[in-house]
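# Analysis of the macromolecular model
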Amino acid sequence: MAYVGLRKPIIAQLKNDGSYDDPFAFGKAIGLQVTPNYAEGSLYADDGQAEYDKEFSYAEVTLNTSTIPINAHEKMFGHKVTEKNVKFNGDDQNNDVGVGWISVEKVNGIRSFIGNFLNKVKFSEPSEDYATRGESIEYKTPSITGRASTVDGGDWKETETFATEAEAKNWVYEKFGKTMGTLSVQSAAGTETGKTKLTVTPNKGESSSYMYKTGVNASLPGYNDVCNVNSGWTPWDGTAEITAKTGDKIVVVEILTEDSTAIKAGEATVAAKEAE
């Protein structure tokens, strides 16, 4: 096997009841190392080794990303955070978190996407490294280190392999207890030529909006994917007829209006009014 990529580090605070807080993207992945450590013991008898045991103890974790988002200072390191301000206090306590990411593997020319999940990690505050600007551009990116340990039942890590990145990402979010909701989308001929009328259930929430995408290759987004105009989606008010081609796919996604992240989605085959 050959690992050829690393993507989408996702982190969520581990609660006392074993569930997770809302997950968030931890910048863009640059490097990640997970090094298991084991406790070993031997029993010698009759001048030879009679017993040998080796058990998982903990794993050292090093994560290098493009940035540390401001909410990580609260969720991971226990600092007081406002919109743009972080206060560091000597009594702040680091929190346990779950960590997920996607690795890309290539075997016999076939690429697959692996969802990875560490159940419980406690990270240390990152060191800070600054340098004045020189003749050439030098990027300095944050790196944090932590220790992964087991949760009740002994689990500490889980992986699963998928054919697509979206499937792997959805699996990671499922490990945090978050799943993509389903919209029922029905398409019927509209009142004007080339238009379709959509019926979507259930209705969106008060803090949500609709976006849509149509075409032969339109596909469902993953949970928490950003779906906005910049990523090729079109706003929809939930009632207006949409210009689309009969036989194409149409995908409707419900997003949180605040940050355009997907929480529900559904698709249908377009039925548009034909010219008379």
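For the structure itself, look to the data block above.
Residues numbered from 1 in each chain as written. Predicted model: local features only at pLDDT ≥ 70, side-chain atom pairs only at ≥ 80, totals over all residues. Heavy atoms only, no water.

In this section: the overall build of the protein chain. Scanning the protein chain from terminus to terminus reveals 2 helices and 18 strands. In summary, the protein chain has a C-alpha radius of gyration of 24 Å against a globular reference of 19 Å for 276 residues, an excess of more than 25%. The principal-axis extents of the C-alpha atoms in the protein chain amount to approximately 95 × 50 × 45 Å. Counting only carbon and sulfur atoms, one obtains 45% of the accessible surface of the protein chain, whose full area is about 16400 Å². The centroid of the 28 positive side-chain charges in the protein chain is displaced by 7 Å from the centroid of its 40 negative side-chain charges. (Helix = DSSP H or I, 4+ residues; strand = E, 2+ residues; numbered from the N terminus. Rg over C-alpha atoms; globule rule 2.2 N^0.38 Å. Areas by Shrake-Rupley, 256 points an atom, 1.4 Å probe, with all protein chains shown as cover. Lys, Arg positive; Asp, Glu negative; His and termini not counted. Charge placed at Lys NZ, Arg CZ, Asp CG, Glu CD.)

So, about the packing of aromatic side chains. Inspection of the entire model under this criterion finds 8 aromatic pairs. Ring plane angle 90° and centroid distance 5.4 Å describe the contact between Tyr 20 and Phe 176, whose orientation is recorded as edge-to-face. Note that Tyr 20 is positioned in the loop between β1 (2–13) and β2 (24–25) and Phe 176 in the loop between α2 (165–175) and β11 (181–182), a separation of 156 residues in sequence. Here Tyr 20 falls in the buried class, since its relative accessible area comes to 11%. Accessibility expressed as a relative area gives 3% for Phe 176, which makes it buried. Aromatic pair Tyr 210 and Trp 236: ring centres 5.3 Å apart, planes at 40°, arrangement tilted. Placement of the pair is Tyr 210 in strand β14 (residues 208–215) and Trp 236 in strand β15 (residues 234–236), with a sequence separation of 26 residues. For the residue pair Tyr 210 and Trp 236, the accessibility class agrees, reading buried in each case. A cation over an aromatic ring shows up here: Arg 147 above the ring of Tyr 58, its NZ or CZ 3.7 Å from the ring centre. (Phe/Tyr/Trp six-rings, centres within 6.5 Å; stacked < 30°, edge-to-face > 60°. Buried < 20%, exposed > 50% of the residue type's maximum accessible area, 1.4 Å probe, protein only. Lys NZ or Arg CZ within 6 Å of the ring centre and 35° of its normal.)

Moving on: the nonpolar core. One broad rule of soluble globular proteins: the nonpolar side chains tend to lie buried together. Counting 20 residues, the largest nonpolar core has Ile 11, Phe 26, Met 76, Val 99, Val 121, Phe 123 and Ile 144 as its most contacted members. Sorting the residues of this core by element identifies β4 (48–65), β7 (96–107), β8 (110–123) and β9 (143–148) as the ones contributing at least two each. If sequence neighbours within four positions are ignored, Val 99 has contacts with Ile 10, Ile 11, Asn 116, Phe 117, Leu 118, Val 121, Phe 123 and Phe 176. Membership of the second largest hydrophobic core comes to 16 residues, among which are Trp 171, Phe 176, Tyr 223 and Ile 263. (Core = buried A, V, L, I, M, F, W, Y, C linked by side-chain atoms within 4.5 Å. Contact = heavy atoms within 4.5 Å.)

Turning to α2, a few remarks are in order. All of the buried residues in α2 are Ala 168, Lys 169, Trp 171, Val 172 and Tyr 173. Contacts from the buried residues of α2 go to β1, β7, β8 and β10 (157–162). Of the residues one or two after α2, Gly 177 is the one with positive phi, at around 85°.

Before going further, it helps to spend a moment on the environment of Gly 146. Of note, Gly 146 is situated in strand β9. Distance from Gly 146 to Glu 60, taken between C-alpha atoms, is 6.0 Å for residues 86 residues apart in sequence. The contacts of Gly 146, once residues within four sequence positions are left out, are Ala 59, Glu 60, Val 61, Val 121, Lys 122, Phe 123 and Ser 124.

For the rest of this paragraph, the subject is the layout of surface pockets. Leftover empty space is mapped by rolling, across the atoms, a probe with the size of a water molecule. Of the voids in this model, the largest pocket is the one considered here, and its volume is about 750 Å³. Lining the largest pocket are 24 residues, with Phe 24, Ala 25, Asn 224, Asp 259 and Thr 261 sitting closest to its centre. Breaking the lining of the largest pocket down by element, the ones donating at least two residues are β1, β2 and α2. Take the lining of the largest pocket: its biggest share by element is 3 residues, from β1. Volume-wise, the second largest pocket comes out at about 310 Å³. (1 Å grid on protein atoms, 1.4 Å probe; cavity = no way out; pocket = protein on both sides within 12 Å on 5 of 7 lines; lining within 4 Å. Points joined across faces, edges and corners; volume = space filled by probe spheres on them.)

We now examine the pairing of β7. Residues in a regular strand project their side chains so that they alternate between the two faces of the sheet. Within β7, 9 of the 12 residues are buried, which leaves the element mostly enclosed by the surrounding structure. Inspection of the sheet shows β1 paired to β7 by 9 bridges, in the antiparallel sense. Bridge pairing in β7 links Ala 12 to Gly 98. As judged from the 11 bridges shared by β7 and β8, these two strands associate in the antiparallel manner. Bridging across to β8, Val 104 finds its partner in Phe 113. Hairpin connection of β7 to β8: 2 residues between the antiparallel strands, including Asn 108 at a positive phi of 55°. (Pairing = 2+ DSSP bridges.)

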